[in-house]
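Report on the structure
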Amino acid sequence: MANIVTQIADKVRPIGVSTNYGEPVEVGDQTLIPVSLGWFGFGGGGDGDDNGGGGGGSVSIPIGAYVRRPGKDLEFEPNLISLVAVSIPLVWVTGTVLRKLVRVLKK
């Protein structure tokens, strides 16, 4: 099992900025650099009898792109669909917490 963990660590180690920033793409006279928010995790376990298992997962959310237009500075343009998709659970959790907080403060 330790050998598998070492192999996974060696594969994951070089992952860095290139995970969240894509290669620049030329579209007409513009240059686009895609940006995403990503993370990953791994887990595993077992006993001393060679019985065990493991797994992993990752998520990548496209949050926008840096755009360079001729004669202008580099600008970030957000992906509004991803922003709405990510903000819906956040708004729901915030509303739930506030509702419970108001109930507690009324008592």
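Above this text you will find the structure in question.
Quick caveat, the model's predicted, so the values are computed rather than measured.

Conventions we followed
- Residues numbered from 1 in each chain as written.
- Predicted model: local features only at pLDDT ≥ 70, side-chain atom pairs only at ≥ 80, totals over all residues.
- Heavy atoms only, no water.
- Salt bridge = Lys/Arg side-chain N within 4 Å of Asp/Glu carboxyl O.
- Buried < 20%, exposed > 50% of the residue type's maximum accessible area, 1.4 Å probe, protein only.
- Helix = DSSP H or I, 4+ residues; strand = E, 2+ residues; numbered from the N terminus.
- Polar contact = N/O pair within 3.5 Å; in protein donor to acceptor, adjacent residues only side chain to side chain.
- Contact = heavy atoms within 4.5 Å.

As for the pattern of salt bridges
A complete count under the given rule lists two salt bridges for this structure. Note that Glu-75 and Arg-69 form a salt bridge whose closest N and O atoms lie 3.5 Å from each other. We classify Glu-75 as partly exposed; its relative accessible area is 37%. The class of Arg-69 is partly exposed, set by a relative accessible area of 25%. Two residues, Arg-69 and Glu-77, come together in a salt bridge whose shortest N-O distance is 2.7 Å. Overall, Glu-77 belongs to the partly exposed group, its relative accessible area being 33%. Residues participating in the shared-partner salt-bridge network are Arg-69, Glu-75 and Glu-77.

A word on the side chain of Thr-31
Tracing the sequence through the fold places Thr-31 in strand S2 (residues 30-46). Thr-31 gets classed as buried once you look at its relative accessible area, which sits at 17%. At a separation of 3.1 Å, a polar atom in the side chain of Thr-31 contacts the side chain of Glu-26.

Topic: the environment of Asn-20
Residue position: Asn-20 is located in helix H2 (residues 17-20). Look at Asn-20 and you get partly exposed, because its relative accessible area is 22%. Sequence separation between Asn-20 and Ser-36 is 16 residues, and the spatial gap between their C-alpha atoms is 4.8 Å. Excluding residues within four positions of it along the chain, Asn-20 makes contact with Pro-34, Val-35, Ser-36, Leu-37 and Gly-38. Within polar-contact distance, the side chain of Asn-20 engages the backbone nitrogen of Gly-38 at 3.2 Å.

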